[in-house]
Amino acid sequence: MSDDNWDLRRKLWEEAHGTPHPFSLGAVLGTFEGFKERYNVSEVKTYINPPDECDACQASFIRREGEPMFDARTTTGQWGNLCRVCFDSMHCSLGTGRGQEYAFSVEHNAWVKVAG
Ligand SMILES: [Zn+2]
């Protein structure tokens, strides 16, 4: 599950968020215990019925370790599943009622909430 690209994606994520990537805390153990402990959650939250592509640009969401996917409210008030490029260009933000960030977990074969 680990690869050079994942290491790069993780590095970029950590630079943008200023915290360790959640996956780096638990995924290596195969249990996500570190993830749950740090974020004080009892279970890993995954996205139910995830879309295949970005609502705005139709780019495919890549099911690769740590790839991002956003569920966010745009400036028009509409919610959408967005890629990082669209999330940034549409000036979306993370937080309750605004937007959530998910990252693909190979271990869970699902998009796991990591921020927002
Ligand atoms: Zn997009």
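The coordinates are above.
All figures in this text were calculated on a predicted structure; none of them were measured in a lab.

Novice: Describe the overall build of the protein chain, with residues and values.
Specialist: Each helix and strand in the protein chain was counted, giving four helices and four strands. Starting at the N terminus and ending at the C terminus, the protein chain contains elements arranged as α-α-α-β-β-α-β-β. Split into buried and exposed, the 116 residues of the protein chain put 28% on the buried side. Long-range contacts, defined here as pairs at least 24 residues apart, represent 48% of the contacts in the protein chain between residues at least 6 apart.

Novice: Tell me what's going on with the sheet that holds strand β3 (residues 99-105), and back it up with residues and numbers.
Specialist: Read from one edge of the open sheet, four strands run β2-β1-β3-β4, paired in antiparallel fashion. Either end of the sheet is taken by a strand with one partner, and the two such strands are β2 (79-82) and β4 (110-115). Geometrically, the sheet is characterised by an average inter-axis angle of 25 degrees between neighbouring strands, direction not taken into account. In terms of strand pairing, strand β1 (residues 68-73) meets β3 through five bridges, oriented antiparallel. By the bridge assignment, Asp71 is partnered in β3 with Gln100.

Novice: Would you mind going over unusual backbone geometry in detail, with residue names and values included?
Specialist: Residues other than glycine seldom take positive phi values, yet His91 does so here, at roughly 55 degrees. By the secondary structure assignment, His91 is in the loop between α4 (84-89) and β3. For His91, a count of 9 C-beta atoms within 10 Å corresponds to the exposed category.

Novice: Provide a residue-level description of the nonpolar core, including the pertinent values.
Specialist: Ranked by internal contacts, the top residues of the largest apolar core, which has 17 residues, are Phe70, Leu82, Phe87, Tyr102, Ala103 and Trp111. Listed by contribution, the elements that provide at least two residues to this core are β1, α4, β3 and β4. Leaving out residues up to four positions away in the same chain, Phe87 has contacts with Phe70, Ala72, Leu82 and Cys92.

The rules behind each value
- Residues numbered from 1 in each chain as written.
- Predicted model: local features only at pLDDT ≥ 70, side-chain atom pairs only at ≥ 80, totals over all residues.
- Helix = DSSP H or I, 4+ residues; strand = E, 2+ residues; numbered from the N terminus.
- Buried ≥ 20, exposed ≤ 12 C-beta atoms within 10 Å, placed from the backbone.
- Contact = placed C-beta atoms within 7 Å.
- Pairing = 2+ DSSP bridges.
- Axes fitted to C-alpha atoms, helices over the stretch in contact; angles between N-to-C directions.
- Core = buried A, V, L, I, M, F, W, Y, C linked by C-beta atoms within 7 Å.

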